[in-house]
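Chains, contacts and geometry: an overview
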Amino acid sequence: MNQTANYGLSQWETSDRILMEDFNSDNSKIDAALAGLDTRAAALEAAAGGFGNCRVYITSYVGGGTRAPKTVSFPEKPLLVMVANQQDGYCFVACRGMAEVYPHHSSGTAKITLTWADKALTWHYADLTNVNMDEKGDTYQVLALLEKGA
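The following refers to the structure shown. Computed from a predicted structure; not experimentally measured. (Residues numbered from 1 in each chain as written. Predicted model: local features only at pLDDT ≥ 70, side-chain atom pairs only at ≥ 80, totals over all residues. Heavy atoms only, no water.)

Take the pairing of strand β6 (residues 91–95) next. Side-chain positions along a regular strand alternate between the two faces of the sheet. Judged from the five bridges that link them, strand β5 (residues 78–85) and β6 form a sheet pairing that is antiparallel. Each residue of the ladder has a partner; that of M82, found in β6, is V93. Linking β5 to β6, which pair antiparallel, is a turn of five residues; within it G89 sits at a positive phi near 85°. (Pairing = 2+ DSSP bridges. Helix = DSSP H or I, 4+ residues; strand = E, 2+ residues; numbered from the N terminus.)

Moving on, we come to the pattern of salt bridges. Pairs can form between side chains of opposite charge whenever their charged atoms are close. Under the criterion given, the structure shown has one salt bridge. For the salt bridge of E100 with K111, the shortest nitrogen-to-oxygen distance reads 3.5 Å. Here the residue E100 occupies a position in strand β7 (residues 100–101), and K111 occupies one in the loop between β7 and β8 (112–117), the gap between them amounting to 11 residues. Classification of E100 as partly exposed rests on a relative accessible area of 35%. For K111, a relative accessible area of 26% corresponds to the partly exposed category. (Salt bridge = Lys/Arg side-chain N within 4 Å of Asp/Glu carboxyl O. Buried < 20%, exposed > 50% of the residue type's maximum accessible area, 1.4 Å probe, protein only.)

By the secondary structure assignment, T113 is in strand β8. Since its relative accessible area comes to 25%, T113 is described here as partly exposed. Along the backbone, T113 and V101 are 12 residues apart, and their C-alpha atoms lie at a distance of 6.5 Å.

Counting along an α-helix, one turn takes 3.6 residues, and residues three or four places apart therefore face a common direction. In this model, helix α1 (residues 20–48) (29 residues) spans 42 Å end to end at C-alpha, consistent with the 42 Å of a helix rising 1.5 Å per residue. The complete set of buried residues in α1 reads D22, D26 and A33. Tucked inside the fold, the buried residues of α1 contact β2 (10–11). (Expected span 1.5 Å × (residues − 1). Contact = heavy atoms within 4.5 Å.)

A few words now on the environment of E147. Counting through the fold element by element, E147 comes out in strand β10 (residues 139–147). By relative accessible area, which is 35% here, E147 ends up partly exposed. Linking E147 and K77, residues 70 residues apart in sequence, is a C-alpha distance of 5.3 Å. In contact with E147, other than residues within four places in its own chain, are E76, K77 and L79.

As structure tokens, then:
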């Protein structure tokens, strides 16, 4: 009887006599290998929780066309937020604590003021004529780096 290279499992030929002991031995080897993989996977999952000091969060919204202040809430404290309009390319990037931003793809005079809460960011339009991050029906992608919870 032949055996596999990695775990020594039975590989029968047509002329081999098949015994229950061979099956039981193979099942024991498979069970031990799977238990080892479970242990390794659990250790990797535990270690991965400690990688980095933030986590990535992605969401989106559809503009309502109201030009009212827009608030996006997050599951943890946002440290960096990027908002981009898929249709016309307007976007802004804000680091926690910034009070205002000038959106990219604008004439450079459109200013958005920011208000940071513990788990939210609100933006207000100081100049409604140049840029609007709430165009009716447009889809906006929001990408944030969030403070990793304890």
